[in-house]
Amino acid sequence: MISLYRPGTSLLHRMPAGPKLVVVAGLATAISLLPANPLLLAAVLVAVAGCYLLAGTGIAEAGRQLWRLRWVLLVVSLSQVFFLPVLAVAANVIRVGAVVLVANLITLTTRTDRLIDALERALRPLRKLGVNSDRVALMLSMTITTIPVIAGFAARIREAQRARGVTVSPFAAVVPLLVMALKHADDLADALVARGAD
């Protein structure tokens, strides 16, 4: 679900990463605290669509990102449908979808290295409490770069299943994917140790 940076000249592209993160955090908090009012929730959806238009990515990109979230939104709705009224469930699904879409807009309009630098600068005051901002930034960077690698492993497993004539099944791919991911993690750890990382 982590999208890659899309070059552009929009206002959101030109905005520095630090203030952009603050704005998105504020928006995410505001969206999460909204009451389950259909008009407010509709306004949130219109505002999110407007943000995608402002970024120059268009409504179609917002739709693609929302489609990628379909399983998450389904789990959110199914886990609540038996315990909450329909309006509350719909409100929670819209909140989660809107917050993820807004957060994803950052990755569409900001280079990863600028995001990591902004987070590292934001965490520097916490050094007095023992937080190593350099280490946190390194971990975030590795996480972001590892996600496409894991997705590539999943694609290779699906291709191997098709080549063998096996029915492509997510359950049959879990064990090989886990083995490949753990092997990659070991290789990554060995590379860090070889470079003197603690």
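The structure presented is a predicted model; accordingly, all values stated were derived computationally and were not measured.

Draft legend 1. Examining the packing of helix H4 (residues 58-68) against helix H6 (residues 86-109) more closely. For the pair H4 and H6, the least separation of the axes is 11 Å and the interaxial angle reads 115 degrees. Considering how the two elements wind past one another, H4 and H6 form a crossing that is right-handed. Residue-level inspection shows Glu61, Ala62, Gln65 and Leu66 of H4 in contact with H6, the latter providing Leu101, Asn104 and Leu108. Tallied by class, the residues present in the contact of H4 with H6 amount to four nonpolar, two polar and one charged.

Draft legend 2. The environment of leucine 115, seen in detail. Within the secondary structure, leucine 115 is located in helix H7 (residues 112-123). The class of leucine 115 is buried, set by a relative accessible area of 10%. When the C-alpha positions of leucine 115 and leucine 140 are compared, they lie 9.7 Å apart, and in sequence the two are 25 residues distant. Aside from chain neighbours lying at most four places away, what touches leucine 115 is Ala17, Leu21, Ile106, Thr107 and Thr110.

Draft legend 3. Looking closely at helix H3 (residues 38-54). When the terminal C-alpha atoms of H3 are compared, their 24 Å separation across 17 residues agrees well with the 24 Å that a helix rising 1.5 Å per residue should span. Among all positions of H3, only Leu41, Val44, Val48 and Tyr52 are buried. For H3, the arc enclosing every buried residue in end-on projection is 75 degrees, short of the 170-degree limit, so these residues lie on one face. More than 90 degrees from the buried face of H3, the exposed residues found are Leu39, Val46 and Leu53. Of the residues that open H3, the one with a side-chain oxygen 2.8 Å from the backbone nitrogen of leucine 39 is asparagine 37.

Draft legend 4. Region of the structure containing the pattern of salt bridges. Inspection of the entire model under this criterion finds four salt bridges. In this structure, glutamate 61 and arginine 6 form a salt bridge, with 2.9 Å as the shortest nitrogen-oxygen distance. With glutamate 61 in helix H4 and arginine 6 in the segment before helix H1 (11-14), this pair connects stretches of sequence that are 55 residues apart. Take glutamate 61: its relative accessible area is 2%, and that puts it in the buried class. For arginine 6, a relative accessible area of 31% gives the class partly exposed. Ionic pairing is found between aspartate 187 and lysine 183, a salt bridge with its closest N-O pair at 2.9 Å. Taken together, the residues aspartate 187 and lysine 183, both in helix H9 (residues 170-194) and four residues apart, mark about one turn of the helix. Taken together, the shared-partner salt bridges connect Arg6, Glu61 and Arg64 into one network.

Draft legend 5. Summary view of the nonpolar core. Ile31, Val44, Val48, Tyr52, Ala98, Val102 and Leu105 are the most contacted members of the largest nonpolar core, which totals 17 residues. Here this core takes six residues from H6, the largest share from any one element. Excluding residues that lie within four positions of it along the chain, tyrosine 52 makes contacts with Thr57, Gly58, Glu61, Ala62, Gln65, Leu101, Asn104, Leu105 and Leu108. Within the second largest apolar cluster, five residues are counted, among which are Leu69, Leu73, Val76 and Val89.

Draft legend 6. Spatial organisation of the UniProt feature "transmembrane region" (unreviewed entry) in the protein. The residues that UniProt annotates with the feature "transmembrane region" (unreviewed entry) are residues 12-33, 39-59, 71-94 and 136-155. Measuring from the first to the last C-alpha atom of residues 12-33 gives 24 Å, for a span that is 91% helix and 0% strand. The span residues 71-94 shows a helical share of 79% and a strand share of 0%, and its end C-alpha atoms are spaced 14 Å apart.

Conventions adopted
Residues numbered from 1 in each chain as written. Predicted model: local features only at pLDDT ≥ 70, side-chain atom pairs only at ≥ 80, totals over all residues. Heavy atoms only, no water. Axes fitted to C-alpha atoms, helices over the stretch in contact; angles between N-to-C directions. Helix = DSSP H or I, 4+ residues; strand = E, 2+ residues; numbered from the N terminus. Left-handed = near helix turned anticlockwise from the far one by under 90°. Contact = heavy atoms within 4.5 Å. Nonpolar A, V, L, I, M, F, W, Y, C, P; charged D, E, K, R; others polar. Buried < 20%, exposed > 50% of the residue type's maximum accessible area, 1.4 Å probe, protein only. Expected span 1.5 Å × (residues − 1). Arc of directions from axis to C-beta. Polar contact = N/O pair within 3.5 Å; in protein donor to acceptor, adjacent residues only side chain to side chain. Salt bridge = Lys/Arg side-chain N within 4 Å of Asp/Glu carboxyl O. Core = buried A, V, L, I, M, F, W, Y, C linked by side-chain atoms within 4.5 Å. UniProt positions renumbered as here; feature names shortened; annotations may be inferred.

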